[in-house]
Amino acid sequence: AANHQALQHMLSESAWSERAVLDQVAQDAHRLLGGQADSSLLIDESGIPKKGGHSVGVGRQWCGQLGKVENCQVGVFAALGCGTDVTLIDERLFLPERWTEDPKRCQAAGIPDTRREFKRKQDLALEMIMHARQQGIGFAWVGFDGFYGSDPALLRALEERGEVFVGDVHSDQRIYLADPQPLVPPVAPRGRPPTRRQAQIPAIRVDHWVAQQPLEAWRRVTLRDGTQGPLQVEVLHQRVWLWDGEEAQAHCWHLIVRREIGDPTEIKYSLSNAPVDTPPARLAFMQGQRYWIERALQQAKQDVGLGDYRVRGWRGWHHHMALVMMAMLFTLEERRLHHQTRPLLSGTDIRALLNQLLPRRDTTLAEVLRQMERRHRKRQAATDSARRRKQLNE
């Protein structure tokens, strides 16, 4: 009971700064993964199911873990990645409006006065991107899914700050195939004079444009080596214009469309303001790197307990997330340190070893190593089998 009380006090009551921990994690992650041509800052959110209505930020909202609207807390997360290595470095807890409009509820949950203003998830994402830059974290581009990529305000804010982005968009995203040259129409002989700009050409949905493209327009590219061999996809590339209906000028960006070779109905659409001469294969690679933050969140839940906490207040939630990210960084460093001798080392393996090496010992070290070797043999056999099946099907 004493240990449990001490842990709860450290999480929920102790005044240590989670921001100082997170910033140190980000700096250490930068040392490992930052400042390279393939370094990227990846944004995603994660819902954590919760019962009741007292946990800070809880409410009925979309929960990706469950795939439906459910009672949960939602965190927006940032990860630093390079190649196949990635680790979480920052977070923001999303507060629905029914929370920010209720001062007593905010007070009871310990939400600081300065954090009670409602902010969209896209606004929280921009905060983390700007904070990472202010810290000197090195990344070549920012990647995010269609929820964030379909928000014109976020894309234009990144453009204004000189940030390169690769953001997924939805199939109904409207694009222009030439500069729409928005203008205020001339004054008509009758009626009120127009004040709003109008595009000079019609827009088209991205999925409608893709459906019009010939088969030979698709190009096969290799994204990376996967467990089943080289991961190949087919891509379309086009320079397109985006206009939000208000701006004086439209933006000319890259449209990169990707489909799976085995399932051509699985299509991803992305926009990027990368330099004009960026090759389509490079854009496809940048687009594909967003996969790694999904893996990072999955590993954080499986290996270091991102969703396993019993705290209700603001301070406890942020303390827990800071410790999770510190643990993730540790597992990343251990995997990199032992990559040559233990290429299949996982967070599960590291946790099992720590259970043996730390004071509480449930089994012998020899047994822990035997079980780890067994897991590695199974993993390697599954990888080899998948590669053979792929080769037979080609």
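Structural data are supplied above this passage.
Residues numbered from 1 in each chain as written. Predicted model: local features only at pLDDT ≥ 70, side-chain atom pairs only at ≥ 80, totals over all residues. Heavy atoms only, no water.

Okay, the pattern of salt bridges next. Close approach of charged atoms lets side chains of opposite charge pair. Taken as a whole, this structure holds 25 salt bridges when the rule is applied. Residues Lys68 and Glu70 are paired through a salt bridge, measuring 3.8 Å at the closest nitrogen-oxygen approach. Under the relative-accessibility criterion, Glu70 is labelled partly exposed at 24%. With a closest N to O distance of 2.3 Å, Arg342 and Glu373 form a salt bridge. Taken as a pair, Arg342 in the loop between helix 11 (314-337) and helix 12 (347-357) and Glu373 in helix 13 (residues 365-393) lie far apart in primary sequence, 31 residues in all. Overall, the relative accessible area of 28% leaves Arg342 in the partly exposed class. Beyond isolated ion pairs, a larger network of salt bridges with shared partners links Arg19, Asp23, Asp90, Arg92, Lys119 and Glu127. (Salt bridge = Lys/Arg side-chain N within 4 Å of Asp/Glu carboxyl O. Buried < 20%, exposed > 50% of the residue type's maximum accessible area, 1.4 Å probe, protein only. Helix = DSSP H or I, 4+ residues; strand = E, 2+ residues; numbered from the N terminus.)

In the case of a regular strand, side chains alternate between the two sheet surfaces. The buried fraction of strand 6 (residues 165-169) amounts to 5 of the 5 residues, a majority that puts the element mostly inside the structure. Burial along strand 6 is two-sided: Phe165, Gly167 and Val169 and Val166 and Asp168, pointing in opposite directions, are all buried. Where strand 5 (residues 141-144) lies against strand 6, 3 bridges are found, and the strand directions are parallel. Note on strand 6: the bridge partner recorded for Val142 is Phe165. Pairing analysis gives 4 bridges linking strand 6 to strand 12 (residues 267-272), with the strands arranged antiparallel. When the bridges of strand 12 are listed, Val166 appears paired with Ser272. (Pairing = 2+ DSSP bridges.)

The biggest cluster of nonpolar side chains holds 81 residues, and the ones touching the most others in it are Ile43, Leu88, Phe144, Leu271 and Leu306. Among the elements that make up this core, the one with the highest residue count is helix 11 (9 residues). Residues contacting Leu306, with those up to four places away along its chain left out, are Ile48, Phe77, Leu88, Leu297, Ala300, Lys301, His320, Met321 and Val324. The next biggest cluster of nonpolar side chains, apart from the first, holds 12 residues, and it includes Trp141, Leu223, Leu283 and Ala284. (Core = buried A, V, L, I, M, F, W, Y, C linked by side-chain atoms within 4.5 Å. Contact = heavy atoms within 4.5 Å.)

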